[in-house]
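A structural walkthrough
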Amino acid sequence: MSDGEKGRRASPGRLLVTSLLFFLLLAGITALVLYLVYRPSKPRFTVSAAAIYDISNASSQANAISTSMQFTLVIRNPNDRASVFYDRLSAYVSYRNQPITPPAALPPMFQEKDSTVATSPVLGGGFVPISGDVAAGLATDQAYGVVGLRLVLLGRLRYKSGPFRSNWYGMYVRCDMLTGFRKGVTGPVPLLR
């Protein structure tokens, strides 16, 4: 064997490194294709109806409010390949970034691929401390007939896509709405926006 032939031959170490790099590149391309095919989209949340049964601040505590409200929350899963598990769900209503209902625990939920689910939790019941500015603003908005509320949904979700399951992700959803509400009127209220 001449010196020229010896130089053209790959050493076993070089062949092993080349094979390993090729395998890693192939695994990376496969992982990228699987990610692009099974990548889930975020669910969409919409408030479709609202009912206000009670808003009162007649308590022994100054600046405390008791409310009872119900919202129909429509959850849309736009994924064709991924189902969604919801866990540790809780919801509350806020007014001017301050909670006016205590957090209410909601049951865990499973949502199929490309589906829509509606849930109607009743929120409220106990007294919640609020600032004087929030109490005055709520009274003014009630007198005007339009109250801006925010429904907040907290929890965690996990996607199941084919044979794969994702980790649990924290979820924070807020739905802002304007409701047509006047003091003394209870039941379903119009959603103005």
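Remember, predicted model here, so these are calculated numbers, not experimental data.

Feature annotation in UniProt assigns "domain: Late embryogenesis abundant protein LEA-2 subgroup" (unreviewed entry) to the following positions: residues 73-167. Overall, residues 73-167 shows 14% helix and 61% strand. The separation of its end C-alpha atoms is 25 Å.

Taken as a whole, this structure holds 1 cavity of 30 Å³ or more when the rule is applied. For the largest cavity, the calculated volume is near 30 Å³. Leu73, Ala91, Leu106, Pro121, Leu151 and Leu153 together form the lining of the largest cavity. When its residues are assigned to classes, the lining of the largest cavity shows 6 nonpolar, no polar and no charged.

Residues Val17, Leu20, Leu21, Phe23 and Leu24 make up a contiguous nonpolar surface patch of roughly 530 Å² in combined accessible area. Within the element layout of this structure, phenylalanine 23 appears in helix H2 (residues 12-38). With a relative accessible area of 54%, phenylalanine 23 lands in the exposed category.

Cut-offs and rules
- Residues numbered from 1 in each chain as written.
- Predicted model: local features only at pLDDT ≥ 70, side-chain atom pairs only at ≥ 80, totals over all residues.
- Heavy atoms only, no water.
- UniProt positions renumbered as here; feature names shortened; annotations may be inferred.
- Helix = DSSP H or I, 4+ residues; strand = E, 2+ residues; numbered from the N terminus.
- 1 Å grid on protein atoms, 1.4 Å probe; cavity = no way out; pocket = protein on both sides within 12 Å on 5 of 7 lines; lining within 4 Å.
- Points joined across faces, edges and corners; volume = space filled by probe spheres on them.
- Nonpolar A, V, L, I, M, F, W, Y, C, P; charged D, E, K, R; others polar.
- Patch = residues over 30% accessible without salt bridge, like charges linked within 9 Å, V, L, I, M, F, W, Y side chains within 5 Å.
- Areas by Shrake-Rupley, 256 points an atom, 1.4 Å probe, with all protein chains shown as cover.
- Salt bridge = Lys/Arg side-chain N within 4 Å of Asp/Glu carboxyl O.
- Buried < 20%, exposed > 50% of the residue type's maximum accessible area, 1.4 Å probe, protein only.

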